[in-house]
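These are the residues of each chain, in order.
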Amino acid sequence: MSLLTGKLGVVFGVANKRSIAWAIAQAWHQAGATLAFTYQGERLKENVEELAGTFGPDTLLLPCDVTRDEEIARVFAVVGEKFGKLHLLLHSVAFAPKDALEGAFLNTSREAFRVAHDVSAYSLIALARGAAPLMAEGGSLLAMTYYGSQKVVPHYNVMGVAKAALEASARYLAYDLGPRRIRVNCISAGPVNTLAARGIAGFTDMLKHYEAHAPLKRNVLPEELGATGTFLASDQAAAVTGQVIYVDCGYQIMGM
Ligand code: NAD
Ligand code: 0WE
């Protein structure tokens, strides 16, 4: 028996084959889970259709812009119809307007702050509320975060503040949902070369910086995020909730 045999899950945040969500979905699938996928909008539908299709032609695929309550409601209505229940949810979604990640944090607009927090932090609460009624057998919610929530990473700016809100939200959700045996954890990943990272000026230098300074002297691999994601989703982690687990080759322990 594999770690996730018989578990049903829904994955938010696949954009393409480099997405962290895809790495974790593949690991969950290999561990025996049955998965549904959502995609942000028509622009990404074909990509996600092709990837999700590799798990079988009838893999459930639904649109979901996480800023739209009616789309979130439909995802859980359809998942409830097709699966009847749910055990796993992956939140691998973040967005801040590009200009907010370029200039000074001091210049963050009210609108950029609102959008970053709506997409990247509030959405976890909305998804948890949708998923919880289906998780009658208990469950595991997993969200992706980054060290810029704890320390200043130049240019991460309002995303750092939104990730701090995401991590705190995971703790409050863990408290609310614990009595129902629903766990809520975050993986704090070191930098990974994805679509969301590619646009960032100096990202290649950041990968080099991690390689030079992390205890393991290298960058994290997507399949290593998959392995930790599988652990956290599994009953092996039955007593782990409200945590932020660093999967960053040890970078976060360094003081200099
Ligand atoms: P990615 O671009 O592949 O994934 C980001 C996803 O967010 C995309 O699928 C996109 O469609 C989705 N998204 C954005 N706005 C949305 C909305 N309104 N509704 C629904 N979906 C929306 O990039 P990624 O690097 O795989 O990012 C996934 C997660 O990992 C994010 O939370 C990110 O902050 C986190 N993370 C990334 C890194 C990194 O270096 N790449 C490091 C640590 C944490
Ligand atoms: O969470 C992220 C990136 C999330 C992200 C990326 C973009 C690029 C395109 C959110 N919004 C947008 N908006 C866009 O228009 N990471 C952890 C990767 C990342 O992004 C950085 C980093 C790292 C690491 C930005 C500045 C500095 C470091």
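In what follows, the structure referred to is the one given above.
Predicted model, so just to flag it, every value in this text is computed and none were measured. (Residues numbered from 1 in each chain as written. Chains lettered and ligands numbered in written order. Predicted model: local features only at pLDDT ≥ 70, side-chain atom pairs only at ≥ 80, totals over all residues. Heavy atoms only, no water.)

## Things to note about the environment of Asn157
Threshold: Every helix listed is a DSSP run of H or I at least four residues long, and every strand listed is a run of E at least two residues long, numbered separately from the N terminus. Working rule for contacts: check all heavy atoms of both residues, and any pair within 4.5 Å makes them a contact.
Residue placement: Asn157 occurs in helix α5 (residues 157–177). Between the C-alpha atom of Asn157 and that of Lys85, which follows or precedes it by 72 residues, the distance is 38 Å. Excluding residues that lie within four positions of it along the chain, Asn157 makes contacts with Ala100, Leu101, Glu102, Gly103, Ala104 and Phe105.

## Details of the site of ligand 1
Cut-off, in case you're wondering: Summary of the distance rule: residues count as near a molecule or strand when at least one heavy atom falls within 4 Å of that molecule or strand. Pairs of N or O atoms are called polar contacts if they sit within 3.5 Å, as long as, within protein, a hydrogen donor faces a hydrogen acceptor (for residues adjacent in sequence, only side-chain-to-side-chain pairs). Each accessible area is a Shrake-Rupley result for a 1.4 Å probe, and residues are judged covered by the shown protein chains and nothing else. Throughout, the ten residues Ala, Val, Leu, Ile, Met, Phe, Trp, Tyr, Cys and Pro are labelled nonpolar, Asp, Glu, Lys and Arg are labelled charged, and all others, Gly among them, are labelled polar.
Around ligand 1, a shell composed of 27 residues is seen, among which Ser19, Gln40, Lys163, Val192 and Thr194 lie nearest. Residue Val93 places a main-chain N or O atom 3.4 Å away from an oxygen atom belonging to ligand 1. Considered on its own, ligand 1 offers 820 Å² of accessible surface; in the complex 92% of this is hidden by protein. Looking at the shell around ligand 1, the elements with two or more residues in it are β5 (139–145) and α6 (195–198). The dominant element in the shell around ligand 1, judged by the number of residues it contributes, is α6, at three residues. Taken together, the residues of the shell around ligand 1 break down into 18 nonpolar, seven polar and two charged.

## Re the site of ligand 2
Taken together, 13 residues are adjacent to ligand 2, and Phe95, Ala96, Tyr156, Ala196 and Met206 come closest. Contacts to ligand 2 include Ala96, whose backbone N or O atom sits 2.7 Å from a nitrogen atom. A distance of 2.8 Å is found between an oxygen atom of ligand 2 and a side-chain nitrogen or oxygen belonging to Tyr156. The protein chains hide 86% of the 600 Å² of surface that ligand 2 would expose on its own.

## Side note on the packing of aromatic side chains
Test applied: Pairing of aromatic rings covers Phe, Tyr and Trp, the last through its six-membered ring, and needs centres within 6.5 Å; plane angles under 30 degrees mean stacked, over 60 mean edge-to-face, and all others mean tilted. Whether a residue is buried, partly exposed or exposed follows from its accessible area with a 1.4 Å probe, protein chains only, as a fraction of its type maximum: under 20%, in between, or over 50%, in that order.
Summed over the entire model, instances satisfying the criterion amount to eight aromatic pairs. Seen from their ring centres, Tyr146 and Tyr156 are 5.0 Å apart, and the 70 degrees between their planes marks the pair as edge-to-face. Placement of the pair is Tyr146 in the loop between β5 and α5 and Tyr156 in the loop between β5 and α5, with a sequence separation of 10 residues. Given the relative accessible area of 10%, Tyr146 is considered buried.

## Digging into the packing of helix α1 (residues 20–30) against helix α8 (residues 222–233)
Test applied: To define axes, lines are fitted to C-alpha atoms, for helices over the stretch in contact only, and angles between the resulting N-to-C directions are given on a 0 to 180 degree scale. Put simply, angles under 35 degrees are roughly parallel, angles over 145 are roughly antiparallel, angles from 65 to 115 are roughly perpendicular, and the rest are oblique. Whether a crossing is left-handed or right-handed is set by the direction in which the near helix is turned from the far one by less than a right angle, anticlockwise for left-handed and clockwise for right-handed.
Orientation of α1 relative to α8, taken along the N-to-C sense of each, is 55 degrees, at an axis distance of 8 Å. Classified by the interaxial angle, the pair formed by α1 and α8 is oblique. The two elements α1 and α8 meet at a crossing, and its hand is right-handed. Residue-level inspection shows Ile20, Ala23, Ile24, Ala27 and Trp28 of α1 in contact with α8, the latter providing Pro222, Leu225, Gly226, Ala227, Gly229, Thr230 and Ala233. Classifying every residue of the contact of α1 with α8 by side-chain character gives nine nonpolar, three polar and no charged.

## What to know about the pairing of β5
So the rule is basically this: Two strands make a pair as long as DSSP finds a minimum of two bridges between them. Handedness is read with the strands pointing away from the viewer; a crossover is right-handed when the path from the first strand over the helix to the second is clockwise.
Across the seven residues of β5, seven count as buried, placing the element largely inside the fold. The side-chain alternation of β5 yields two buried faces, one formed by Gly139, Leu141, Ala143 and Thr145 and the other by Ser140, Leu142 and Met144. Where strand β4 (residues 88–91) meets β5, four bridges bridge the pair, whose relative direction is parallel. The partner of Leu90 across the bridge, within β5, is Leu142. Following the backbone out of β4, through helix α4 (residues 110–131) and into the adjacent parallel β5, one traces a crossover that is right-handed. Direction of pairing for β5 relative to strand β6 (residues 182–189): parallel, over a ladder of seven bridges. Paired with Leu141 across the strands is Val184, a residue of β6.

Nothing here speaks to function; it is all geometry.
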